[in-house]
Amino acid sequence: MEADSDHSAPDELDTRLERIAEALIFAAESPVTPERIAGACEAVTGLAPDTGVVADAVEQLNARYEESGSALRVETWSGGYRMATSERFAPYLEAFFEKEKRTTLSRSLMETVAIIAYRQPVTRPEIEFVRGVSADYAVGKLLDMDLVDVVGRSDALGRPMLYGTTDLFLDQFGLSDLDDLPNLRELEELLDDPDFSDEKAELFMEADLEERMDEEEEAPAGEPSTNGKA
Amino acid sequence: MYQVQLQDFEGPLDLLLFFIKRDELDVFNIPIAEVTDEFLAYVRAMQEIDLDGVGDFIYMAAVLISIKAEMLLPSDDDEAGDEEAVDPRRELARRLLEYKRFKEAANDLERHQERRLQKHTRGAASSQEKHYETERELDLDASVYDLATALRGVLTTLPEPDPVHAVERESYSVEQQQTYVLERVLEAQTVSFEDLVRERSRPFVIATFLAVLEMARQRLVTISIAASNQDFYLLRPDAEAE
């Protein structure tokens, strides 16, 4: 590496670490953890910088990119750093890579991967129960795409396989780790949703069931047919 | 006459959520009879185009019918404690809400992936290529079901702006089927359910089944389950019923 004379940073070592991180993250094709950057430094100089110091250096690097209006950014995905183009240039990249059109997952794969992500480790029957449809195809497809993997076996009858999401899933969804997943709405919140009418959870739990059953019984008796509807 | 709009539903629960939203139904007080009818109409339309997913819908149709049947059965008035009684629709309501949570989570994840796709990294193009390869390989291993699904895909992407299927109104009523079942039982003393509905359409089978449940409730017939669990028999309760 050449002398970093263009920037007169107060702390030369920090600036140097920033450039080393930049080089490693640029060259890597998958997320680079701060530990690996520290490890590379140790292999060359015999001194391993603290991972917190590495993280600070990467932050400085990003600040410098932002300041200079660079097309690049360092993103934190799947627990490591990746160099990526800024979204401002997305139209150009899409035009450039027109043959490799990248799209989001289909609806069924998206719902399946969501259940696996939030419920992991989860068995296939559990996934099927939530969606009400067979998960054979979706799980097979997600396994092929490396977005999910078998992470063990359940103690339940038949010892079904347990599925979980992979590092690639975090990378491809721009998540740093599983805690970075958007919050799953609580049932109570759903019940306040205007989509569902005014009857609320309390009603659900301690409903006046008898009254409701009576209503239901009366209705079909008065009709000419219980299963026909004009 | 039902007009069923063939939209892309992710499954039976998704379809039920659609009904609930469209008709502004209360998820805890679903009018099971109406919803079941419309659900069955959709299933029939679906059978014409989809081989693969229809089984999941038929399963849910059975769940709806069993809930409907359960609600027809008299509740034991002796057990005064109404806290004991559980609305048969409760489990379904729970499942619908749970599914809705994950539908929303899938939307959130989709937005994340969209944003991520705006950001390009090195090596992404080649790894993407690898995925396309496995996809092609998979397709060669495909079964006849995948072929049918593919055909359905082709059919649904045809430039038909608004694919509307006309579904005939169900032509069997439970009352009608009760008469039919009674005739058959009186004639033969014992009839297996399979014989009653052999080579008949699904609505016929379902209406007959509901008729049998209703008659069992009124003690017009007795039901005996076959050892194989695949069928059951209807018997006249005794001679004096004649």
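Residues numbered from 1 in each chain as written. Chains lettered and ligands numbered in written order. Predicted model: local features only at pLDDT ≥ 70, side-chain atom pairs only at ≥ 80, totals over all residues. Heavy atoms only, no water.

K.L.:
Explain the overall build of chain B to me, please; I cannot follow it from the model alone.
P.N.:
Helices and strands together make up the secondary structure of chain B, namely nine helices and five strands. The N-to-C order of helical and strand elements in chain B reads β-α-α-α-α-α-α-β-α-β-α-α-β-β. When the 242 residues of chain B are sorted by exposure, 43% land in the buried category. Looking at chain B alone, contacts between residues at least 24 apart form 67% of all its contacts between residues at least 6 apart. Carbon and sulfur atoms make up 50% of the accessible area of chain B, which totals about 13,600 Å². (Helix = DSSP H or I, 4+ residues; strand = E, 2+ residues; numbered from the N terminus. Buried < 20%, exposed > 50% of the residue type's maximum accessible area, 1.4 Å probe, protein only. Contact = heavy atoms within 4.5 Å. Areas by Shrake-Rupley, 256 points an atom, 1.4 Å probe, with all protein chains shown as cover.)

K.L.:
For this particular structure, what's the right way to read the packing of helix H3 (residues 54-72) of chain B against helix H9 (residues 202-217) of chain B?
P.N.:
In a pair of packed helices, the angle between the axes and the distance between the axes together describe the arrangement. All names here are of chain B. Contact geometry of H3 with H9 gives a least axis separation of 11 Å together with a crossing angle of 25°. Classified by the angle between their axes, H3 and H9 sit roughly parallel to one another. In this structure, H3 crosses over H9, and the sense of that crossing is right-handed. Contacts from Ile-58, Ile-65, Lys-68, Ala-69 and Leu-72 of H3 reach H9 at Arg-202, Ile-206, Phe-209, Leu-210, Leu-213, Glu-214 and Arg-217. Among the residues forming the contact of H3 with H9, the class breakdown is eight nonpolar, no polar and four charged. (Axes fitted to C-alpha atoms, helices over the stretch in contact; angles between N-to-C directions. Parallel < 35°, antiparallel > 145°, perpendicular 65-115°, else oblique. Left-handed = near helix turned anticlockwise from the far one by under 90°. Nonpolar A, V, L, I, M, F, W, Y, C, P; charged D, E, K, R; others polar.)

K.L.:
How do you make sense of the sheet that holds strand E3 (residues 122-123) of chain A when you look at a structure like this?
P.N.:
Whether parallel or antiparallel, the strands of a sheet pair through hydrogen bonds between backbone atoms. Residue and element names in this part refer to chain A. Reading across from one edge, E3-E5-E4 is the order of the three strands in this open sheet, with antiparallel pairing throughout. The sheet is open, and its two edges are formed by E3 and strand E4 (148-153), each paired on a single side. In this sheet, strand E5 (residues 161-165) lies alongside E3 in antiparallel orientation, the contact comprising two bridges. Following the sheet pairing, Val-122 is matched in E5 by Tyr-163. Set on the sheet, helix H7 (residues 136-144) makes contact with E4 and E5; between it and E4 the angle comes to about 110°. (Pairing = 2+ DSSP bridges.)

K.L.:
Quick question: what am I supposed to make of the confidence of the model for chain B here?
P.N.:
When pLDDT is low, close inspection of the predicted coordinates is not appropriate. Residues and elements named next belong to chain B. When pLDDT is averaged across chain B, the result is 75; 67% of the residues are at 70 or more. Mean pLDDT values for the elements of chain B range from 45 in helix H5 (residues 124-140) up to 93 in helix H4 (residues 90-117). Every residue in residues 1-5 scores below 50 in pLDDT, and together they form 21 contacts with partners more than four places removed in sequence or on other chains. Long-range and interchain partners of residues 126-143, a stretch whose pLDDT sits below 50, account for eight contacts in this model, where long-range means more than four residues apart. (pLDDT = per-residue confidence, 0-100.)

K.L.:
Just to check I follow, could you spell out the pattern of salt bridges for this structure?
P.N.:
Working definition: two side chains of opposite charge can pair if their charged atoms are close together. Residue and element names in this part refer to chain A. Following the criterion strictly, the structure yields 20 salt bridges over all chains and no others. The closest approach of N and O atoms between Asp-136 and Arg-124, which form a salt bridge, is 3.5 Å. With Asp-136 in helix H7 and Arg-124 in helix H6 (residues 124-131), the pair connects residues that are twelve residues apart, well separated along the chain. Judged by its relative accessible area of 45%, Asp-136 is partly exposed. (Salt bridge = Lys/Arg side-chain N within 4 Å of Asp/Glu carboxyl O.)

K.L.:
Hey, could you run me through the nonpolar core in this one?
P.N.:
The nonpolar side chains of a soluble globular protein tend to be buried with one another. Of all hydrophobic cores here, the largest spans 35 residues; its most connected members are Leu16(B), Phe39(B), Leu92(B) and Leu96(B). Among the elements of the structure, helix H1 (12-22), helix H2 (32-47), H3, H4 and H9 of chain B are those that each provide at least two residues to this core. Counting residues per element, this core draws most heavily on H3(B), at eight residues. Filtering out sequence-adjacent residues up to four positions away, Leu16(B) remains in contact with Val35(B), Phe39(B), Met60(B), Leu64(B), Leu92(B) and Leu96(B). The next biggest cluster of nonpolar side chains, apart from the first, holds 29 residues, and it includes Ala135(A), Val139(A), Leu142(A) and Phe173(A). (Core = buried A, V, L, I, M, F, W, Y, C linked by side-chain atoms within 4.5 Å.)

K.L.:
When you look at unusual backbone geometry in this model, what are you seeing that I'm missing?
P.N.:
Working note: non-glycine residues mostly have negative phi, and peptide bonds are mostly trans. Geometrically, the link from Gln120(A) to Pro121(A) is a cis peptide bond, its omega value of -5° lying close to zero. For Ser78(A), which is not a glycine, the phi torsion comes out positive at approximately 50°. Tracing the backbone shows Ser78(A) in the loop between strand E1 (72-77) and strand E2 (80-85). The residue Glu24(B) is not glycine, and still its phi comes out positive at about 50°. Following the sequence through the fold, Glu24(B) ends up in the loop between H1 and H2.

K.L.:
Even after reading the chapter, I still don't get the environment of Arg200(B), so can you show me in this structure?
P.N.:
Note that Arg200(B) resides in the loop between helix H8 (193-197) and H9. For Arg200(B), the contacting residues outside a window of four places in its chain are Tyr172(B) and Val205(B).

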